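# Per-entry structural report
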Amino acid sequence: TPLTAQWQCIGTGTPFVDNAGRLCLAYALHTERLCADGDTTLPAQLEWLARHGATGTFDQTTPGVPIGSTYAISGDGVADFHPSGIFFHPCRNPSIYRDPHGELRMLANYAGAADASWGKGIWAADTVDGGWHCINADFPPGGDCTFFFRWGDYDYIIGGFVNLWLKPAEAPDSTYVDLVAAEDDCYDGLNVPTITQVAPGRLLMAGWCAIRGWGGALVIRDLVQHADGRLGTRWMPELLPQLAPHQHITALTAGQHVVLPVDVMLLEFTVDPAAVPTGCVDVRFGAQAGAPPCALQIDLRARRAQYSTVAADGMAAPQGTLRAGGNPAQGGDYAIANLRGIDAPFAVRILIIRDTKLGGTLIDCEIAGQRTMLTFRPDVWVSHVTMNKEE
């Protein structure tokens, strides 16, 4: 959608199909970043909401600089999007979708003020242009970029950086379980993940890995669903790079030291838990002089894995999970918990990409085909890898 004025700052949104069957993109204008609220249409929008209990329909003729939720319409059903010019809600990151019964719904995100009730909850309307009324004021609790999807017998709401909820399909919203609180989230270093179904029973998750500040490498995962509804992630086979034999080591062994001859390398090995008496798999990524090494550690007993910067004494400090204060969204050092598929021999795959344009090294790993972890090491050029299952 084109920018036509300096004050237009586009926020996150979602694709949806409107009542006329048109492909649309919901998004919002973060006009508060350049204009005071009093100079925008926000006062008129909030006054209408307070008076009618539902949002109104505003356009370019409304006094003030436009702010809040709007949408664009596709001219060809694929791309070629054109802004509608209609503003239908004051929140800044609208997530519009049709629920499994075909009803139009929206998850409201980001009000610009922590105490603003219109920046959270589930909203409903007959048409996207206005009349949005809140049907669940307290859930989800706002934040950034939430996204609803149903997969089989379960409903999910995934957040932009830190949230993931699960409930049985058709159960009321009051039954959503906070999977982050249970340390059973699926965050693996990606930001603002969105979900799509590409085949029956196959869902993909797309997001971006932080590189230097906001924005970064696009990453797409295959989602894994367990019988209890918990989610995992694995690499998407169609996206694996085509590598020459010298770029692919298929059996990294304990004690092996590998010098990376090229900028893209794929390493694989199998872990037999019975053959790791210390219970910890440790892979070290060495770099050029002056750059700190990085460690990938898989703790089989605690069922945890982490990326951690290696200190001068060779130690890698324990990292926190998302629940414990870790921050996978930064794409640096963090931990994940509740690993599955590691009680019997399992495969580990590691993709290393040194990228001059990004100015560092991406390290992506897949554990037992059920969890992935991605990290970016700025200003670090991984030059060698050492494998030791005993440390």
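This text gives an overview of the structure that appears in the document. (Residues numbered from 1 in each chain as written. Predicted model: local features only at pLDDT ≥ 70, side-chain atom pairs only at ≥ 80, totals over all residues. Heavy atoms only, no water.)

## What to know about the pattern of salt bridges
Under the convention used in this document: Counted as salt bridges are all cases of a side-chain nitrogen of Lys or Arg within 4 Å of a carboxyl oxygen of Asp or Glu. Runs of E in the DSSP output that reach at least two residues are strands. Runs of H or I that reach at least four are helices, and both are numbered from the N terminus.
Tallying each qualifying case throughout the model produces 22 salt bridges. Between E238 and R202 there is a salt bridge; the shortest N-O distance is 2.9 Å. Here R202 lies in strand β14 (residues 202-210) and E238 lies in the loop between β16 (231-235) and β17 (248-249), a separation of 36 residues in the sequence. Taking the shortest distance from any N to any O, the salt bridge between D379 and R212 comes out at 3.0 Å. One end of the pair, D379, is in the loop between β26 (371-378) and β27 (384-388); the other, R212, is in the loop between β14 and β15 (216-225), and 167 residues separate them in sequence. Three or more residues are tied together by salt bridges with common partners; here these are R150, D155, K167 and E170.

## Concerning the packing of aromatic side chains
Basically, it comes down to this: Put simply, two rings from Phe, Tyr or Trp (the six-membered ring, in Trp's case) pair if the centres are within 6.5 Å, and we call them stacked under 30 degrees between planes, edge-to-face over 60, tilted for the rest. The rule is simple: take the accessible area with a 1.4 Å probe, protein chains only, and divide by the maximum for that residue type; under 20% is buried, over 50% is exposed, in between is partly exposed.
Under the counting rule described, the total for this entry stands at 11 aromatic pairs. Taken together, a centroid distance of 6.2 Å and an interplanar angle of 50° make the contact between Y71 and F88 tilted. Taken together, the residues Y71 in strand β3 (residues 68-74) and F88 in the loop between β4 (81-83) and β5 (95-98) connect sequence positions 17 residues apart. F88 sits in the buried class, given a relative accessible area of 1%. Here the aromatic rings of F149 and Y156 are separated by 4.8 Å at their centres, their planes lie at 10°, and the arrangement is stacked. Since its relative accessible area comes to 6%, F149 is described here as buried. Following the ring pairs from residue to residue traces out a cluster consisting of F16, Y71, F88 and W132.

## Here's the deal with the sheet that holds strand β12 (residues 177-178)
Consider a sheet: its strands pair through backbone hydrogen bonds, and that pairing is either parallel or antiparallel. The condition is simple: Pairing between two strands requires that DSSP report at least two bridges joining them.
Read across the sheet, four strands follow the order β9-β10-β11-β12 without closing on themselves; strand pairing throughout is antiparallel. Each end of this open sheet is capped by a strand with a single partner; those strands are β9 (147-151) and β12. By the bridge criterion, five bridges tie strand β10 (residues 154-158) to strand β11 (residues 164-168) in an arrangement that is antiparallel. Its bridge partner being in β11, I157 is matched across the sheet by W165.

## What to know about helix α1 (residues 42-52)
Selection criterion: By construction, the arc corresponds to the directions joining the helix axis to the C-beta atoms. Contact between two residues is taken to exist if any of their heavy atoms lie within 4.5 Å; hydrogens are not considered.
Buried within α1 we find L42, Q45 and L49. Take α1 and look down its axis: the buried residues cluster within an arc of 65°, on one side only. Of the exposed residues in α1, the ones pointing more than 90 degrees away from its buried face are A50 and R51. Where α1 is buried, its residues meet β7 (122-124). Two residues or fewer after α1 comes G53, characterised by a positive phi angle close to 75°.

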